[in-house]
Amino acid sequence: SSKVIQLNPDRPKTANQPVVLARLPAPIHAVRDKARQQLQGYLRELFDRVDDAMFELADKANNNQDQNIFFDSMREVRIRRRAIESAFFHTIDIGFARLLDPNAYPEASQAKKPASLDELTIVKNDELEEMVAVESMISKANEQFAELIQHLTLRIDHLVPTKVYQKNNPLGVDVICKAFTDATATLTIDLKAKLVMFKIFDNIMMNKLGKLYEALNQTLVDAN
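Residues numbered from 1 in each chain as written. Predicted model: local features only at pLDDT ≥ 70, side-chain atom pairs only at ≥ 80, totals over all residues. Heavy atoms only, no water.

Participant: Even after reading the chapter, I still don't get the overall build of the protein chain, so can you show me in this structure?
Facilitator: Looking only at helices and strands, the protein chain features eight helices and two strands. Reading the protein chain from its N end, one meets helices and strands in the order β-β-α-α-α-α-α-α-α-α. Out of the 224 residues belonging to the protein chain, those deemed buried represent 41%. When contacts within the protein chain are restricted to residue pairs at least 6 apart in sequence, those whose partners lie at least 24 apart make up 75%. By element, 50% of the accessible surface of the protein chain is carried by carbon and sulfur atoms, the whole surface being about 12,600 Å². (Helix = DSSP H or I, 4+ residues; strand = E, 2+ residues; numbered from the N terminus. Buried < 20%, exposed > 50% of the residue type's maximum accessible area, 1.4 Å probe, protein only. Contact = heavy atoms within 4.5 Å. Areas by Shrake-Rupley, 256 points an atom, 1.4 Å probe, with all protein chains shown as cover.)

Right, here's the structure in full:
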């Protein structure tokens, strides 16, 4: 895996400021490597399950329109699978790279607030439904694994110059979920299929984060 990550991948190359991940402390590298290995396994299981689910839903569809939706979605996800995985880990690596910059993030008190009702009224129905599904996943996992996340966040914070809190922990629920939703944002699939994919992501990836956090905390404990 690359040790140089572009902090602003959407900007022109001349505006990018590369950060060398090798400058991170050794225990952080150990955590990153262990997390990547486990998350890759979760993603493989996720994509296999999505493929099976789309095929089954297409097979059981009551009309040609729904059948085509799920078959087309299945093909699209197959085609984009590697690109999605790459984008997912790129986002997480950017989070690790930013741990080296004390000014990379605002303080927790300045973090982005939830959208207001007025803001939500201008969001399209499909986008709103997707947003609600994502926020529900994040809230549930943050509550379910609160203590493990807190311990991991405090340990990472102790090792890097950046102030680390729940939302900018590169292996926190918020970042992992955002990495996946951003990576799948360009998929040209129907909302029905996308919500099925998010449900599987929740069942396979989010529900297993407790085991990941236990392993990562132990890695840092072993490193004193």
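Participant: I keep staring at the confidence of the model for the protein chain and nothing clicks. Help me out?
Facilitator: Detailed reading of the predicted model is not advised wherever pLDDT is low. The share of residues in the protein chain with pLDDT of 70 or more is 81%, and the mean pLDDT across the chain is 85. Considering only residues more than four positions removed or in separate chains, one finds that residues 7-19, a stretch of pLDDT under 50, has 22 contacts. (pLDDT = per-residue confidence, 0-100.)

Participant: What is the right way to look at the nonpolar core in this model?
Facilitator: Nonpolar side chains tend toward joint burial in soluble globular proteins. Grouped together as the largest cluster of nonpolar side chains are 59 residues, with contacts concentrated most on Leu39, Phe88, Ile92, Leu171, Ile176, Phe201 and Leu209. At the level of elements, helix H1 (26-59), helix H2 (64-97), helix H4 (125-144), helix H5 (146-159), helix H6 (173-183), helix H7 (191-204) and helix H8 (209-222) are the ones that each hand at least two residues to this core. The element contributing the most residues to this core is H1, with twelve residues. Excluding residues within four positions of it along the chain, Phe201 makes contact with Leu46, Met137, Ile176, Cys177, Phe180 and Met206. (Core = buried A, V, L, I, M, F, W, Y, C linked by side-chain atoms within 4.5 Å.)

Participant: Is there a simple way to think about the packing of H1 against H8 in this case?
Facilitator: When two helices pack together, their arrangement is captured by the angle between the axes and the distance separating the axes. The geometry of H1 relative to H8 is characterised by a closest axis approach of 10 Å and an angle of 160 degrees between their N-to-C directions. In terms of their interaxial angle, H1 and H8 are classed as roughly antiparallel. Crossing hand, H1 versus H8: right-handed. Residue-level inspection shows Pro27, Ala30, Val31, Lys34, Ala35, Gln38, Leu39 and Tyr42 of H1 in contact with H8, the latter providing Leu209, Lys211, Leu212, Ala215, Leu216, Thr219 and Leu220. Of the residues belonging to the contact of H1 with H8, the class tally is eleven nonpolar, two polar and two charged. (Axes fitted to C-alpha atoms, helices over the stretch in contact; angles between N-to-C directions. Parallel < 35°, antiparallel > 145°, perpendicular 65-115°, else oblique. Left-handed = near helix turned anticlockwise from the far one by under 90°. Nonpolar A, V, L, I, M, F, W, Y, C, P; charged D, E, K, R; others polar.)

Participant: I keep staring at the pattern of salt bridges and nothing clicks. Help me out?
Facilitator: Close approach of charged atoms allows side chains with opposite charge to pair. Counted by the stated rule, this structure contains 16 salt bridges. We note a salt bridge from Glu56 to Lys60, for which the minimum N-O separation is 2.9 Å. Assessed through its relative accessible area of 41%, Glu56 is described here as partly exposed. Each of the salt bridges in this network shares a partner with another, and the network as a whole consists of Arg32, Asp33, Arg36 and Asp93. (Salt bridge = Lys/Arg side-chain N within 4 Å of Asp/Glu carboxyl O.)

Participant: Looking at this structure, how should I read H8?
Facilitator: Every α-helix winds through 3.6 residues per turn, so residues three or four apart in the chain are directed the same way. With 14 residues, H8 extends 20 Å from end C-alpha to end C-alpha; this agrees with the ideal 20 Å at 1.5 Å per step. Buried within H8 are the following residues: Leu209, Gly210, Leu212, Tyr213, Leu216, Asn217, Thr219 and Leu220. Considering only its buried residues, H8 is in contact with H1, H5 and H6. Directly beyond the C-terminal end of H8, a positive phi value near 65 degrees is found at Asn224. (Expected span 1.5 Å × (residues − 1).)

Participant: Please clarify how H6 should be interpreted in this entry.
Facilitator: The buried fraction of H6 amounts to nine of the eleven residues, a majority that puts the element mostly inside the structure. Considered for burial, the residues of H6 that qualify are Val173, Asp174, Val175, Ile176, Cys177, Ala179, Phe180, Thr181 and Ala183.

Participant: In this structure, what is going on with the packing of aromatic side chains? I would like to understand it.
Facilitator: Think of a pair of aromatic rings as described by two things: how far the centres are apart, and how the planes are tilted against each other in angle. Across all of its chains, the model carries five aromatic pairs by this definition. With centroids separated by 6.0 Å and ring planes inclined at 70 degrees, the aromatic side chains of Phe55 and Phe71 adopt a geometry described as edge-to-face. On the criterion of sequence distance, the pair formed by Phe55 in helix H1 and Phe71 in helix H2 is long-range, its members being 16 residues apart. Aromatic side chains Phe180 and Phe198 sit 6.4 Å apart centroid to centroid with 65 degrees between the ring planes, which places their arrangement in the edge-to-face category. (Phe/Tyr/Trp six-rings, centres within 6.5 Å; stacked < 30°, edge-to-face > 60°.)

Participant: When you look at the side chain of Asn169 in this model, what are you seeing that I'm missing?
Facilitator: Considering the arrangement of structural elements, one finds Asn169 in the loop between H5 and H6. The exposure class of Asn169 is buried, given its relative accessible area of 0%. The contact partners of Asn169, leaving out residues within four places of it in the chain, are Ile149, Leu152, Thr153, Ile156, Val164 and Val175.

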